[in-house]
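# Tertiary structure, described
Listed below, chain by chain, are the residues.
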Amino acid sequence: MSNIKIACATLNQTPLDWKGNLEHIKNAIKEAQQEKADLLCFPELAITGYGSEDLFLSYWFPQKAVKQLQKLLPFCGDITVAVGLPIRIQEKVYNCMAIIENYELKGFVAKQFMAIDGVHYEFRWFTPWEANKTISFDFFGKDIPLGDIVFEKKGLRYGFEICEDAWRGDARPGFRLKERNVHMIFNPSASHFAMGKTKQREELVSRSSLLFNATYFYINLLGNEAGRMIFDGEIMVAAKGKLLLKNKLLSFKDHQVKYFELEDSVSEIIGIESDIDKNEEFTQAASLGLYDYLRKSKSKGFVLSLSGGADSSTIAILVAEMVRRGVSELGSSIFLNKLGLSYIPKSDDPQKEIVGQLLTTAYQASDNSSFATFQSAKTLAESIGAEFKHWEISDEVKGYTEKIEKAIGRRLSWKTDDIALQNIQARARSPIIWMLANINQALLLSTSNRSEGDVGYTTMDGDTSGSISPIAAVDKYFIIHWLKWAENSLGYNGLSKVNGLQPTAELRPSDNQQTDEKDLMPYAIIVEIERLAIRDRRSPMDIFLILKDELDLESETLKDYVKKFFRLWSRNQWKRERLAPSFHLDEFNVDPKTWYRFPILSGGYEEELKELDNY
C-alpha cells in the first residue's frame, strides 16, 4: 500500500457570505499544499454553509454555489480536494461532494440519506440519491460524473458517506464501498453540537473502520453558522477499530486543518482515548456560539438584565468565558478585529477590560427585590469586569398599576391579581433594558432556561425579552450545578453569592418567601419528566409508571407533578413559539422552530390525565 498524506479541514462558514466562505476554503487549501498533503477533505456543504435553509430551494442559490466551485479550481494544483455544495438538477436539489484533482473537476458524490430527526429537516430541501446510480452533469460545457462513485489516489481507492449516510445501519453506503474494495472512507458532515454527542461519533468512526476494513475519516463543520445550531468542528481518523486522531473541538478560528499519514504500519499505532466533560463542553460551545452570533450579527456588544440569580449569572459568566477562551486562542488583537472593533486594551488585565467593553449589565430593582440579589449581581459584574448599572422600576410599576386600577374601578391585590402583579414587574423592566441595548447597538441577552420553557414559568415580553436566548435549551438543574462548577473549576469567585441563593423570581412580597421550586416542583423532577415526555415522547401514564420505580416519591405526589407538567406544557406553547433564538446545546430542546413541534391550541392531555387520576 502506498503512503499518502491526508488533510482534513473544518470551516466556520456563514450563509450568503460567498467571499468569506471561499476565502476560508482557499486558505485551508493553501495550508494543506504547504504541508504537502495529497488529499484534502472539507465538510458537507462547505461552500454555502449547512444552515442556508430555504435558499437551497431557489434556482439561483445552487447555481451560484457551482460558480463558486469553478472559482476554486485554479487553487487546487498538486492536490485532490473534496468540498461540499448543493447541486440542482431540474426540480431536485442534491447534497453533493465535488472532487477536484490538480485543477480539474473529477466528479460529484451525492448524499443518499437525509437527516429528518430533531433539528434536521433535510427532506424539505434535498432529494436522496439512488445507490449505484451515476449520471452526467453539465459543468460549464463539460460532462462530469455525478452519483454513487469511488475514486483513486496513489493507488488507493476511496469513497464517501456524507453525514447521515453513516447512521443508517445495514443500508449505509459503507457496505457497498467495502464491496468495491475501498481503502479509505470519508465522512464530510454538518452534525450539530450536543453535550456528549462526540462520544457517539467516536464509537461510529472507530466501529466503521473495523466494519469496512478501511481507514475512516470524519470531518465536521465549525461554529455558530446561522444562529441556532453550533457545529463543533470535529475531525477524527480511525483504523482497525482504533481512534487514531482527534482534534480540539469548538475552535474560535475560521478553519482548522489536521493531517494523517496513511501507512502500512497502522496496526502498530495505539488508539487514543478522549476525555469528555459535560460542563467543559457546555462552556466552550456556548462561548463560541456567543462570539459567532455577536460578530456575524455585526453588533457592538451585549446588554444583560443581571438579577443576581442563576440564569442571568450563567450568561454573564459565559460572556466572560467567551472573552477568555477567544483571546487565549486568537490573541486580543485578532479576537477584537473579528468583532469589527478597533479597541486596544491598555491595562494589565486585558480579559477583564475587554469584558467591560462588550458586556453592560443592569440590576433593575422592584419593591420585592432583595439586598442579597443586588449584592450578588454587583459582586459578579465587578469580578468579571462588566459594566454595572442599577435603577429601580417602582415608579413604572406604580404608574401602570394605578392606571389600570382607575380603568377597572377597583384596587389590585395579591389575593385576586397575583399573576398580573408579578408580570407587570417583569414587563416594566423590558422597555428600558431594550433602550440601553439600542443605545449601545448591542444584543439584548434573554435569560430563559429550558425548564422554564417547559412549563411557561416566564413572563412574555418581560424576562423573555431579548435578541438571543443563550441557555433556553439547557435545563435549570444543570445550570445550578454548572454554576458551582464554574466557581470552583473556572475560578469565578464572584459566583459565591449567587451560589448561596435559592432560585427565585422575586416578584411577590418578601413575606411570601417565593422560590421557583415552591411555585413549580423540584427542578430535578422537571428534568426527569421532560426527558421522558419531550425527548422520548412518552405518555403521562408511561412517565408515571417509569418514575414511580425510579424516584423516591409518594405516588400521589408524583401524579401531581406529572399532571402539573403536562397542563402547564400544553397551556404555554404560545410562549415557546415566541422565545428569542436559542442555541441547541443538549440532546434535545423545546424550540418549535428547531426540535419539538406542538399545537398552540390542544385538548391539553385531558383524557390522558384522567387515566392517571383513575390509576
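Higher on the page you've got the structure.
Just so it is clear, the model here is predicted, and its values are computed rather than measured. (Residues numbered from 1 in each chain as written. Predicted model: local features only at pLDDT ≥ 70, side-chain atom pairs only at ≥ 80, totals over all residues. Heavy atoms only, no water.)

Turning our attention to the sheet that holds strand β17 (residues 302–305). Ordered in space as β19-β18-β17-β20, the 4 strands form an open sheet in which the pairing is parallel. The two strands at the open ends of the sheet, each matched to only one other strand, are β19 (387–392) and β20 (443–445). Averaged over all pairs of adjacent strands, the angle between strand axes in this sheet comes to 25°, irrespective of strand direction. Strand direction decides the pairing type here: β17 and β20, joined by 3 bridges, are parallel. Of the residues in β20, the one forming a bridge with Leu 304 is Leu 445. (Pairing = 2+ DSSP bridges. Helix = DSSP H or I, 4+ residues; strand = E, 2+ residues; numbered from the N terminus. Axes fitted to C-alpha atoms, helices over the stretch in contact; angles between N-to-C directions.)

Next up on the list: the pattern of salt bridges. Enumeration according to the criterion identifies 40 salt bridges in this entry. Of the charged contacts in the structure, one is a salt bridge between Arg 325 and Glu 280, with a shortest N-O distance of 2.6 Å. Of the two residues, Arg 325 sits in helix α6 (residues 310–330) while Glu 280 sits in helix α5 (residues 278–296), which places them 45 residues apart along the sequence. Assessed through its relative accessible area of 31%, Glu 280 is described here as partly exposed. The shortest N-O distance in the salt bridge between Glu 556 and Lys 559 comes to 3.6 Å. Of the two residues, Glu 556 and Lys 559 are both situated in helix α19 (residues 555–571); the distance of 3 residues between them amounts to about one turn of the helix. Taken together, the shared-partner salt bridges in this structure form one network comprising Lys 199, Arg 201, Glu 202, Asp 232, Glu 234 and Lys 246. (Salt bridge = Lys/Arg side-chain N within 4 Å of Asp/Glu carboxyl O. Buried < 20%, exposed > 50% of the residue type's maximum accessible area, 1.4 Å probe, protein only.)

Next up on the list: the packing of aromatic side chains. Applying the stated criterion across every chain, the model contains 34 aromatic pairs. Ring plane angle 90° and centroid distance 5.6 Å describe the contact between Trp 60 and Phe 61, whose orientation is recorded as edge-to-face. For Trp 60, a relative accessible area of 43% translates into the label partly exposed. Connected via pairs of aromatic rings, a cluster forms that spans Phe 565, Phe 566, Trp 569, Phe 588, Trp 595, Tyr 596, Phe 598 and Tyr 605. Sitting over the face of the ring of Trp 569, Arg 576 holds its NZ or CZ atom 3.4 Å from the ring centroid. (Phe/Tyr/Trp six-rings, centres within 6.5 Å; stacked < 30°, edge-to-face > 60°. Lys NZ or Arg CZ within 6 Å of the ring centre and 35° of its normal.)

A positive phi is found at Leu 45, a non-glycine position, where the angle reads about 50°. Here Leu 45 shows up in the loop between β2 (39–41) and α2 (60–72). For Leu 45, a relative accessible area of 0% gives the class buried. Of note in the backbone geometry, Asn 213 takes a positive phi value of approximately 50° without being a glycine. Along the chain, Asn 213 turns up in the loop between α4 (197–211) and β11 (215–220). Look at Asn 213 and you get exposed, because its relative accessible area is 58%.

Within the secondary structure, Ile 543 sits in helix α18 (residues 540–550). In sequence terms Ile 543 and Ala 316 are 227 residues apart; their C-alpha atoms lie 35 Å from each other.

Attention shifts here to helix α1 (residues 18–34). Taking 1.5 Å per residue as the helical rise, α1 with its 17 residues ought to reach 24 Å, and the 24 Å between its terminal C-alpha atoms agrees with that figure. Regarding α1, the residues found buried are Trp 18, Gly 20, Asn 21, Leu 22, His 24, Ile 25, Lys 26, Ala 28, Ile 29 and Ala 32. Positioned one or two residues after α1, Lys 36 has a phi angle of 60°, which is positive. (Expected span 1.5 Å × (residues − 1).)

Okay, the nonpolar core next. If you look at the biggest cluster of nonpolar residues, it comprises 80 residues, and the most contacted ones within it are Phe 42, Leu 69 and Phe 108. Residues contacting Phe 42, with those up to four places away along its chain left out, are Ala 9, Leu 11, Ile 25, Ala 28, Ile 29, Val 81, Ala 82, Val 83, Met 97, Pro 188 and Ile 219. Phe 282, Val 355, Leu 359 and Phe 478 belong to the second-largest nonpolar core, a separate cluster that totals 61 residues. (Core = buried A, V, L, I, M, F, W, Y, C linked by side-chain atoms within 4.5 Å. Contact = heavy atoms within 4.5 Å.)

Turning next to the state of the cysteines. Throughout this description, disulfide means a covalent bond between two cysteine sulfur atoms. This structure, assessed with the given rule, holds 0 disulfides. Free cysteine Cys 8: the closest other cysteine sulfur is in Cys 41, separated by 6.3 Å. Cys 76 forms no disulfide, and the closest cysteine sulfur to it belongs to Cys 41, at a distance of 13 Å. (Disulfide = S-S within 2.5 Å.)

What follows covers the pairing of strand β10 (residues 184–189). For a regular strand, side chains alternate in direction, first toward one face of the sheet and then toward the other. Most of β10 sits out of view: 6 of its 6 residues are buried. Going residue by residue along β10, you find Met 184, Phe 186 and Pro 188 tucked away on one face and Ile 185, Asn 187 and Ser 189 tucked away on the opposite face as well. Judged from the 3 bridges that link them, strand β9 (residues 156–160) and β10 form a sheet pairing that is parallel. Following the sheet pairing, Gly 159 is matched in β10 by Ile 185. Remark: the β9/helix α3 (residues 174–179)/β10 crossover connection has right-handed handedness. Direction of pairing for β10 relative to β11: parallel, over a ladder of 6 bridges. Within β11, the residue paired with Asn 187 across the bridge is Tyr 218. Crossover handedness for the path β10 to α4 to β11: right-handed. (Right-handed = clockwise from strand over helix to strand, strands pointing away.)

Just distances and angles here, no functional claims.
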